[in-house]
Structures are given as structure tokens and as C-alpha cells.
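Notes for the structure review
This is what each chain is made of:
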Amino acid sequence: MGLVVYDTARLPPEDRFAWWREAVSQGAGPTDVTSEDRAGFTGSMGVLDLGPARIAALSCTDLRSRRTARLVRRSDPETYELTLLLGGGLGLSQSRQDVLLRPGDLGLWSSSLPYDSRAAGGPDTGPVRALVLHLPRSLLPLPAATADRLLATGVPSATGVAAILARHLVSVVREAEFLAAGDQEHLGLITCDLATAFLAHHADATDRLPPHTRHRMLLERIDLFIEHNLADPGLSPPVIAARHHISVRLLHRLFAEREETVSRRVRRLRLERCAADLADPRLAALPVHEVAGRWGFTDAAAFGRAFRAARGTTPGEHRRAHLPPVRGGAGAG
């Protein structure tokens, strides 16, 4: 399906800013959008519908957006807008709070309350770039007063629940062109659950989450832990369960919803990393057994069998198919 992309570059320069103003008002309710450089304004907007939610990938030059009490009264889509800033800077004021978002920060604002925002790029950062998740208030199993605690605050997305949500948003947009209609609906539910878990966590209201949202968030945390620890030979279901303060039985029950067990997931991801390293010219001189060791395989023979079973070729054959021969034979295997 992919993103539906709108780009001011397709319009005459004199029409670009007016078109952007109209597009913003249609998506987030009537909004007063201004710019100190209307003639030089450029912007693009990619929109991905996810059933109950929507993600917009935005890129634009400097502008200011204001939604006054009068504009709120005129029309209110009753949404929360959860923004992941990717480039530039974004200042936001709402509900007597002020924040300056920096790249990597997550920020929240509501269409139901007046707000004032300023987007500013720069010679080093380029245009402002952001992913904006449009969440209908009716979908959040949290009281409005709880979510509103986070309005106009910034949360870095380097670690924890914020990192899981940010990674999810980026990956959904990156893979948008490969999604079918059914995928989008399913991902919409997952996205709403992750956003809800993020908001509840940072508003100290995790106890208000429904059980399925807690399980979904726990699985995402486990996935992230596995990916960050693939190089550890000791990574196993008991270790993973202990790290997340759950029983091994519960861990297996959570993975029963998927098509692969915990151990199979660990093995598949390790083999994927090994395959990528074996095809990387920068690692061409690294012996195959050391590539395997980089990703938690301690038995070279067992690694070779697992690689062949998964990919139908030996590690050495895989490397030779992707790279020119290495002098001295270091890449053989």
C-alpha cells in the first residue's frame, strides 16, 4: 500500500504555502499556520492509514502553527498527536507547559486544547522532520486527565518504553510500501497499544492498562532485549524470563501467539546477523568462526549446520557468493 505522499514541489511556488495550510487544517482541525518565508516554503507529507490510527511523515521549512480556543470550538477531531522529532527543532506550548523538542524526542499535544508550536530547521540540521501519530481520544483506555499530564513535555526515545515506540514508528513507515490492507489494520492496533503503554508509563498510570496492552508491551520489551543481547552465548529462555521478572512458563505462553518459539527467534536473529556480516566487505578478512562468535555461536560445527539448514548453503558459500575471494583464505569456511 505504502505512504500516500503529498509534496509542495509538485505545485507552483506561489501555491505551496496555501496548500500546506489547508492540508494541516484538514488533518488536525482548523489551524492558523504562518511562515516568515512564504515564498520559499517547501514541505512534504506522507500519510499512512493504520485503521484506527494514522501516521504522517512530515518534512518542512520553518513555520508557526497556532490553534486558538476559537478554532477549537469551530471544529475538533478529538485526537492526540504524538510526535517523534527526527530533525530540526520544535517548540510547543499547551496547557501552561512549554517544551523545545530535539531530534529523538517524543512530544504530545491535543487537538482539543489551544496550542502554539514553532518548527525551525537550520543550516546544519536541514528541514524539520517528524513522524506524527494521530490517535483518536476514544481509542485510549486512559482518562483524558491522565494523558493530559504529558502535554507539551519532551521524552527522549533512547531507552525504555519510549525507545520501543520510536523504533516501531520508524520501522512501520520504512516498511509501508510492503504492507497489505490487512497488515495496516493489524499494525494500527499494535501502534495504539504501544502508544497507550508509553503514555501510561510516563504518566505513572500503568495499572490502568488493559491486560492485552500489558502483554503486548512486555513482548516488545523482550524483543528489544533479545536483539540487544544476541552476542551473549548465555542468552536463553531462563535468562530472558529472569531479566523481565516473569516465569519461563509465562514467557513461552506469550510466544505461543507467534509462529516461532523463543529459542527459534534467538537463533533466527543470530543467523540473520551472521549472514549480514558474511556479506559485509568490511569483515571479509574475519574468519567464519569469528563471525559466528560475534553473535553468540560458540560451536563452529553447530553453527555451520544451523546456517545450512536455514539458508540452504554453508557460511563459506554464502560469503563467496557475496564477496570476492580474500587473499590468504581467511574468509573460507
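For the structure, see preceding data.
The notes below deal with the structure included here. (Residues numbered from 1 in each chain as written. Predicted model: local features only at pLDDT ≥ 70, side-chain atom pairs only at ≥ 80, totals over all residues. Heavy atoms only, no water.)

**Describing the environment of Glu78**
By the secondary structure assignment, Glu78 is in the loop between helix H2 (69-74) and strand E6 (79-87). Owing to a relative accessible area of 44%, Glu78 belongs among the partly exposed residues under this scheme. Sequence-wise, Glu78 and His215 are 137 residues apart; in three dimensions their C-alpha atoms are separated by 27 Å. Once residues within four sequence positions are removed from consideration, Glu78 is found in contact with Ser111, Ser112, Leu135, Pro136 and Arg137. (Helix = DSSP H or I, 4+ residues; strand = E, 2+ residues; numbered from the N terminus. Buried < 20%, exposed > 50% of the residue type's maximum accessible area, 1.4 Å probe, protein only. Contact = heavy atoms within 4.5 Å.)

**Notes on the packing of aromatic side chains**
How two aromatic rings sit relative to each other is set out by the distance from centre to centre and by the angle between their planes. Under the counting rule described, the total for this entry stands at seven aromatic pairs. On the basis of an interplanar angle of 45° and a centroid distance of 4.4 Å, the ring pair of Trp109 and Tyr115 is categorised as tilted. On the accessibility criterion, Tyr115 (6% relative accessible area) is buried. One aromatic cluster is present, formed by Tyr6, Phe17, Trp19, Trp20 and Phe41 through successive ring pairs. Of note, Arg273 hangs over the ring of Trp295, and the distance from its end group to the ring centre comes to 6.0 Å. (Phe/Tyr/Trp six-rings, centres within 6.5 Å; stacked < 30°, edge-to-face > 60°. Lys NZ or Arg CZ within 6 Å of the ring centre and 35° of its normal.)

**Quick word on the sheet that holds strand E9 (residues 105-110)**
Strand pairing in a sheet relies on backbone hydrogen bonds. The paired strands run either parallel or antiparallel. Taken in spatial order, the seven strands of this open sheet run E1-E3-E4-E11-E6-E9-E12, and their pairing is antiparallel. A single partner strand is all that each edge strand has here, and the edge strands are strand E1 (4-7) and strand E12 (154-156). For this sheet the average axis-to-axis angle between neighbouring strands, irrespective of direction, equals 20°. Inspection of the sheet shows strand E3 (residues 43-50) paired to strand E4 (residues 53-60) by eight bridges, in the antiparallel sense. When the sheet's bridge partners are listed, Leu50 is paired in E4 with Ala53. (Pairing = 2+ DSSP bridges. Axes fitted to C-alpha atoms, helices over the stretch in contact; angles between N-to-C directions.)

**Comments concerning the pairing of strand E7 (residues 89-94)**
In terms of burial, E7 is largely enclosed, as five of its six residues are buried. Bridge analysis of E7 against strand E10 (residues 115-120) gives six bridges, and the strand direction is antiparallel. Following the sheet pairing, Ser93 is matched in E10 by Asp116. Here E7 pairs with strand E8 (residues 97-101) via five bridges, running antiparallel. When the bridges of E8 are listed, Gly91 appears paired with Leu100.

**Notes on unusual backbone geometry**
With a phi angle near 55°, Glu78 is a residue other than glycine that sits in the positive phi range. Of note in the backbone geometry, Arg96 takes a positive phi value of approximately 65° without being a glycine. Mapped onto the elements of the fold, Arg96 is located in the loop between E7 and E8.

**Re helix H9 (residues 262-278)**
Look at H9: 24 Å from first C-alpha to last across 17 residues, which is about the 24 Å you get at 1.5 Å a residue. Every buried residue belonging to H9 is among Val262, Arg265, Val266, Leu269, Arg270, Leu271, Cys274, Ala275, Asp277 and Leu278, and all of these are buried. In this structure, the buried side of H9 is in contact with helix H6 (211-228), helix H7 (237-243), helix H8 (248-255), helix H10 (288-294), helix H11 (300-311) and helix H12 (315-322). (Expected span 1.5 Å × (residues − 1).)

**Re the packing of H6 against H8**
Between two packed helices, the angle of one axis relative to the other and the distance separating the axes together describe the packing. Close contact between H6 and H8 brings their axes to 11 Å; oriented N to C, the two are set at 100°. Classed by the angle they form, the pair H6 and H8 counts as roughly perpendicular. Together, His215, Leu218, Leu219, Ile222, Asp223 and Ile226 of H6 and Leu251, Leu254 and Phe255 of H8 make up the contact between the two elements. For the contact of H6 with H8, a count of residues per class yields seven nonpolar, one polar and one charged. (Parallel < 35°, antiparallel > 145°, perpendicular 65-115°, else oblique. Nonpolar A, V, L, I, M, F, W, Y, C, P; charged D, E, K, R; others polar.)

**So, empty space enclosed by the protein**
Taken as a whole, this structure holds one cavity of 30 Å³ or more when the rule is applied. Around the largest cavity sit Leu106, Gly107, Leu108, Leu150, Thr153, Val155, Phe198 and Leu199, which together line it. When residues of the lining of the largest cavity are traced back to their parent elements, those giving at least two are E9 and helix H5 (181-202). Of the residues forming the lining of the largest cavity, the biggest block, three residues, is contributed by E9. For the lining of the largest cavity, the per-class residue count stands at six nonpolar, two polar and no charged. (1 Å grid on protein atoms, 1.4 Å probe; cavity = no way out; pocket = protein on both sides within 12 Å on 5 of 7 lines; lining within 4 Å. Points joined across faces, edges and corners; volume = space filled by probe spheres on them.)

**Observations regarding the sheet that holds strand E2 (residues 32-34)**
Strand order in the open sheet formed by five strands is E2-E5-E10-E7-E8, and the pairing between neighbours is antiparallel. The open sheet terminates on both sides in strands that have one partner only, identified here as E2 and E8. Strand-to-strand, the axes of this sheet are offset by a mean angle of 10°, without reference to chain direction. As judged from the three bridges shared by E2 and strand E5 (residues 63-67), these two strands associate in the antiparallel manner. Paired with Asp32 across the two strands is Arg66, which belongs to E5. Sheet contacts for helix H1 (residues 13-28): E2 and E5; angle to E2, the most-contacted strand, approximately 150°.

**Re the nonpolar core**
Core analysis: the biggest nonpolar cluster contains 42 residues, and Leu82, Leu133, Leu135 and Phe198 have the highest contact counts within it. Mapped onto this core, the elements with two or more residues apiece are E3, E4, E6, E9, strand E11 (128-136), helix H4 (160-174), H5 and H6. By residue number, the principal contributor to this core is H5, which donates nine residues. (Core = buried A, V, L, I, M, F, W, Y, C linked by side-chain atoms within 4.5 Å.)

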